[in-house]
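Structure at a glance
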Amino acid sequence: MAVNQTLRSGAWRVVELLTTPLVPTDYLDVVAPLRNARVLRARIVAVRPETRDSVTLVLRPGRGWRPHEPGQYVRIGVDVDGVRLWRAYSVTCAPGGLSVTVNAVRDGAVSNHLIRNARAGMIVHLDHPAGDFTLPATRPGRVLFVTAGSGITPVMGMLRSALHELSDVVVVHSAPERDAVVFGDELRTLAADGRIRLIERHTRTGGRITPAELAELVPDLFERHTWACGPNEMLDDLGAHWARAGAEELLHVERFRPTVIAAGDGGKVTFGRSGTVVQAAGDVPILEAGEAAGVLMPSGCRMGICFSCVLPMTEGAVRDLRDGSITTAVEGDNVKVQTCVSAAAGPCHLDV
Amino acid sequence: MTTLQRKSVNPIAHLSADDIEAIGRELDAIRDEIVASRGERDAAYIRRVISVQRRLELGSRAVLLFSLFPPAWLIGTAGLSVAKILENMEIGHNVMHGQWDWMRDPKIHSTTWEWDNASPAEQWKHSHNELHHTYTNVVGKDNDLGYGIMRVDEQQPWHPVYLGQPLWNFVNACFFEYGIAAYDLELGRNLKSKKRRRSPEFRARLKQVRRKIGKQMLKDYVVHPALSAATGSFLHTLAANAVANLVRNLWTHSVIMCGHFPNGVETFERNSIEGETRGEWYLRQMLGSANIDGNRLMHIMTGNLSYQIEHHLFPDLPSNRYQEIAPKIRDLFDRYGLNYVSGPMPKQVGSAWAKVFRLSLPNRGAAKIAAAAPRPVSGRKQQPATRWQRPATDSAPAHAGS
Ligand code: FES
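Residues numbered from 1 in each chain as written. Chains lettered and ligands numbered in written order. Predicted model: local features only at pLDDT ≥ 70, side-chain atom pairs only at ≥ 80, totals over all residues. Heavy atoms only, no water.

1. Quick look at the overall build of chain A
Basically, it comes down to this: Comment: elements are numbered from the N terminus, with helices defined as DSSP H or I runs of at least four residues and strands as E runs of at least two. Each residue is assigned to one of three classes by its accessible area relative to the maximum for its type, calculated with a 1.4 Å probe on protein chains only: buried under 20%, partly exposed between the two thresholds, exposed over 50%. Here, two residues are considered to be in contact whenever any of their heavy atoms come within 4.5 Å of each other. Note on areas: Shrake-Rupley with a 1.4 Å probe; residue coverage comes only from the protein chains shown. The convention is simple: Lys and Arg are positive, Asp and Glu are negative, and His and the chain ends are not counted. To locate a charge, the coordinates of NZ of Lys, CZ of Arg, CG of Asp or CD of Glu are taken.
What chain A contains, in helices and strands, is nine helices and 17 strands. Across its three principal directions, the C-alpha atoms of chain A cover 65 × 60 × 40 Å. Looking at chain A residue by residue over its 352 residues, the buried ones come to 50%. Considering only intrachain contacts with a sequence separation of at least 6, the fraction spanning at least 24 residues in chain A is 64%. As presented, chain A carries roughly 15,900 Å² of accessible surface, and 51% of it is formed by carbon and sulfur atoms. For chain A, the separation between the mean place of its 37 positive charges and that of its 39 negative charges on side chains is 6 Å.

Following this line, the structure appears as structure tokens:
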């Protein structure tokens, strides 16, 4: 065994010598993009429309994929207009498969791109599943899910994989109208079969659900383990309500991070590794702002041509001082920006 | 502003400071247009070039496994030469310029790319992107001008050692990748004194280069030939790799000579760039570079450095777009009465070589007089350079464009 392994890694080293300065997978990628275990990718095998503005993508992940737990999300990288953008989507199927449901976000570059252009056969980039919005290994007896809009997606993942292990499930779901309920038919069928109790709320006619209403609709509210996912205001309301009842440990929430960053003029720049924080004006290059605060910044030409000042931005927005273009990064991103010609356009976080 | 002012004909005497800033504004507008339209098509282009290059290299190396047979040797060597040229020029050079960083593909990114060349990417990026592109054609600052071993301007004092420079230049062309590595290491300067030789920074960089060269040599002259040994083609493959490297070296050397050496290209004085504005920087790039005329294949094989002028104005724009902006740039040259130096490759290579020969000898005639002329007194007050700052337009601040 050990000999075998040594031989294999020895052989691999020879292959690496053959392809230097690249690695063998760089060549393999040209012919078999899913084989590369170090760069996760997936092929879209089917695209299923859900509602007018949502689609489900069925994916076949390449080598190296670690199966998810129901309720978790994956980050998917898509090239939109030539630029690779990453977004997190909840996995909506049972472990063993991989599907995500994409809901259109207003002005959302990735969601709208996928809804319009995703086709079977396309390759997307993947991250490993993450998130702790999951059911415990010993399933609780009584469960409540409170969701709104695309907040149903992680819950659908849980229902599809663990419903048979749950005895008493209530789903309270809000959507603007009947037709906009993602997975509407499936939820209603489950309800009709008596496998869940479904409370469907159409906010365009009925308004948003208040915690008081919820208490009325689900009298044994605090005897249930609750998983809630939806807009921030809803989650804040629920959090306060559960806190008042001293039942916080029964409530699990998942917040979808806003992906649309409003770009302003200047902002607080955090230099991650050194922990330095500076308030930078909108017309001062981040390179200068950092140096003024004593951060050791890489630099070269200081005029935007040599790319030696490039640093990863992990969150926030910057403006290119030459042409005014805005670059944003959301949590989990690692967008490289030229600090000598970029100024803060809102709070941003740089890894230096 | 420049050594230009000491020449008998100063090519920019007719330009006012306002003209120069206006040129800067026009160039910025051209840049904005390309940046705004960068997208899918461009990404597809570089991915296709990379894919073609890798297939070509794999294919050629496979053919070379049988290089004992002359036709296989010929085909494999030709293919490998082309693959190596593509890899260095259209892919490596341009990726390391950050031309494709906007795609946010970590595999095609200036911070991660390593190329098939003796010089490690990191060192090359420093000497090329930072020093050469910032100080283009400034004698004494831009070492690309003669790579520190040649006399490239009448203003440089002559010394008998320059008599040998045609020979050096030829040797350098044959071993160009090692020349670049030595140049990136600033080998001459660093070997001169004991202190420099022993400095930990220099030693670390030297080690980096040795490792890189070691791996490159092992690949081309040991491992690949060894694979061919099964068909009795060890030496044939070794020779094929050596020839491919030689071809690539001669080709890249020629292309690079055409960029800044041909007749009509200007050089600048060290103190001329202090406090340089964005417009002046642009102007220096315009006057300090030369293009090669040719067809599409020629442009791709030169990594679009046949559009050296456009590349020097916008070193970080995707190379496939230079062709499209070239007519606009040329028009700008015409309108401002500037000399857009361009010509077919044989002519440009010939012109550059002629200069190498000419300058190996002492100055004669007009050049001699010009060199002896007194230096003009610079009347400008010196401010720190803020070359990223655009000249203000009448209508709106430069960064209101989004
Ligand atoms: S320092 Fe050269 S690009 Fe920023």
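2. Let's talk about the UniProt feature "domain: FAD-binding FR-type" (unreviewed entry) in chain A
Note the following rule: UniProt positions are given in the numbering used here, feature names are shortened, and annotations may be inferred rather than shown by experiment.
Mapped onto the present numbering, the UniProt feature "domain: FAD-binding FR-type" (unreviewed entry) falls on residues 37-136 of chain A. End C-alpha atoms of residues 37-136 of chain A are separated by 29 Å, and the span's content is 9% helix alongside 44% strand.

3. A word on the interface of chain A and chain B
Here is the rule we go by: The quantity reported as buried area is the accessible area (1.4 Å probe) lost by two parts once they are put together, taken as the sum for both. Salt-bridge detection follows one rule: a side-chain nitrogen of Lys or Arg within 4 Å of a carboxyl oxygen of Asp or Glu. Here a polar contact means two N or O atoms within 3.5 Å. Within protein one must be a hydrogen donor candidate and the other an acceptor candidate, and residues neighboring in sequence count only if both atoms are side-chain atoms. We call Asp, Glu, Lys and Arg charged. Ala, Val, Leu, Ile, Met, Phe, Trp, Tyr, Cys and Pro are nonpolar, and the rest, Gly among them, are polar.
At the junction of the two partners, chain A supplies 43 residues and chain B supplies 51 residues. Regarding the contact of chain A and chain B, the summed buried area is about 4,000 Å², with carbon and sulfur atoms giving 60% of it. One can count five salt bridges joining chain A with chain B. Here Arg47(B) ties to Asp79(A) by a salt bridge, and the two come within 3.4 Å at their closest N and O atoms. Counting across the interface, chain A meets chain B through 13 residue pairs in polar contact (both at pLDDT 80 or more). Listed by contribution, the elements that provide at least two residues to the side of chain A that touches chain B are α1 (2-19), α2 (24-31), β4 (83-90), β14 (310-320), β15 (326-329) and β16 (335-338) of chain A. It is α2(A) that contributes the most residues to the side of chain A that touches chain B, four residues altogether. Looking at side-chain class alone, the side of chain A that touches chain B contains 23 nonpolar, nine polar and 11 charged residues.

4. Things to note about the domain arrangement of chain A
All names here are of chain A. Filter applied, for reference: Residue ranges for the domains originate in an automatic or database domain assignment.
When the domains of chain A are assigned, the result is domain 1 (41-126), domain 2 (142-254) and domain 3 (267-350). Placing a centre on the C-alpha atoms of domain 1 and another on those of domain 2 gives a separation of 24 Å. At the junction of the two partners, domain 1 supplies 16 residues and domain 2 supplies 15 residues. Carbon and sulfur atoms supply 59% of the area that domain 1 and domain 2 bury against each other, a total of about 1,100 Å² over both sides. Ranking the residues of domain 1 by area buried against domain 2 places Thr-51, Thr-92 and Asn-103 at the top, with a combined share of 37%. Summed over the shared surface of domain 1 and domain 2, the number is zero salt bridges. Counting across the domain 1 and domain 2 interface gives one residue pair in polar contact (both at pLDDT 80 or more). Counting residues per element, the ones that place at least two in the side of domain 1 that touches domain 2 are β1 (41-51), β2 (54-61) and β5 (99-103). For the side of domain 1 that touches domain 2, the per-class residue count stands at six nonpolar, eight polar and two charged.

5. Considerations on the packing of aromatic side chains
One pair of aromatic rings is described through two measures. These are the centre distance and the angle between the planes. As a reminder, the rule being used: Each aromatic pair joins two rings of Phe, Tyr and Trp (for Trp, the six-membered one) with centres within 6.5 Å, and gets the label stacked for planes under 30 degrees apart, edge-to-face for over 60, and tilted for any other angle. In this analysis the charged atom, NZ for Lys or CZ for Arg, is taken to sit over a ring once it is within 6 Å of the ring centre and within 35 degrees of the ring normal.
Tallying each qualifying case throughout the model produces nine aromatic pairs over all chains. Relative to Phe314(B), the ring of Tyr282(B) has its centre 5.9 Å away and its plane inclined at 65 degrees; by these criteria the two rings are edge-to-face. Highlighted residues: Tyr282(B) in helix α11 (residues 278-287) and Phe314(B) in the loop between α13 (308-313) and α14 (322-335), separated in sequence by 32 residues. Each member of the pair, Tyr282(B) as well as Phe314(B), is classed as buried. Ring geometry for Phe333(B) against Tyr340(B): centres 5.0 Å apart, planes inclined by 85 degrees, an arrangement best described as edge-to-face. There is no split in this pair, since Phe333(B) and Tyr340(B) are both buried. An aromatic cluster is built from Tyr45(B), Trp100(B) and Trp102(B), whose rings are joined through pairwise contacts. Above the ring of Phe183(A), the side-chain terminus of Arg160(A) is found at 4.8 Å from the ring centroid.

6. Here we look at the packing of helix α10 (residues 234-260) of chain B against helix α15 (residues 345-358) of chain B
Residues and elements named next belong to chain B. How we decide: For every element, the axis is a line fit to its C-alpha atoms; helices are fit only across the contacting stretch, and the angle between N-to-C directions ranges from 0 to 180 degrees. In this scheme, roughly parallel covers angles under 35 degrees and roughly antiparallel covers those over 145, while 65 to 115 is roughly perpendicular and the rest are oblique.
Close contact between α10 and α15 brings their axes to 9 Å; oriented N to C, the two are set at 80 degrees. By the angle class used here, α10 and α15 are roughly perpendicular. Judged by residue contacts, Trp-251, His-253, Ser-254, Val-255, Met-257 and Cys-258 of α10 engage Met-345, Gln-348, Val-349, Ala-352 and Trp-353 from α15. Taken together, the residues that form the contact of α10 with α15 break down as eight nonpolar, three polar and no charged.

7. Notes on α2(A)
Most of α2(A) is tucked away: six of the eight residues are buried. Taken together, the buried positions of α2(A) are occupied by Pro24(A), Thr25(A), Asp26(A), Tyr27(A), Asp29(A) and Val30(A). Its buried side turned inward, α2(A) meets α1 and β1 of chain A together with α2 (40-64) of chain B.

8. What about the environment of Glu90(B)?
Residues and elements named next belong to chain B. Take Glu-90: it is sitting in helix α3 (residues 70-96). With 57 residues separating them along the chain, Glu-90 and Glu-33 place their C-alpha atoms 22 Å apart. For Glu-90, the residues in contact, after removing those within four places along its chain, are Tyr-45, Ile-46, Val-49, Ile-85, Ile-300, Gly-303, Asn-304 and Ser-319. A polar contact of 2.5 Å, which involves the side chain of Glu-90, links it to the side chain of Tyr-45. Reaching out from Glu-90, the side chain makes a polar contact with the side chain of Asn-304 at a distance of 3.1 Å.

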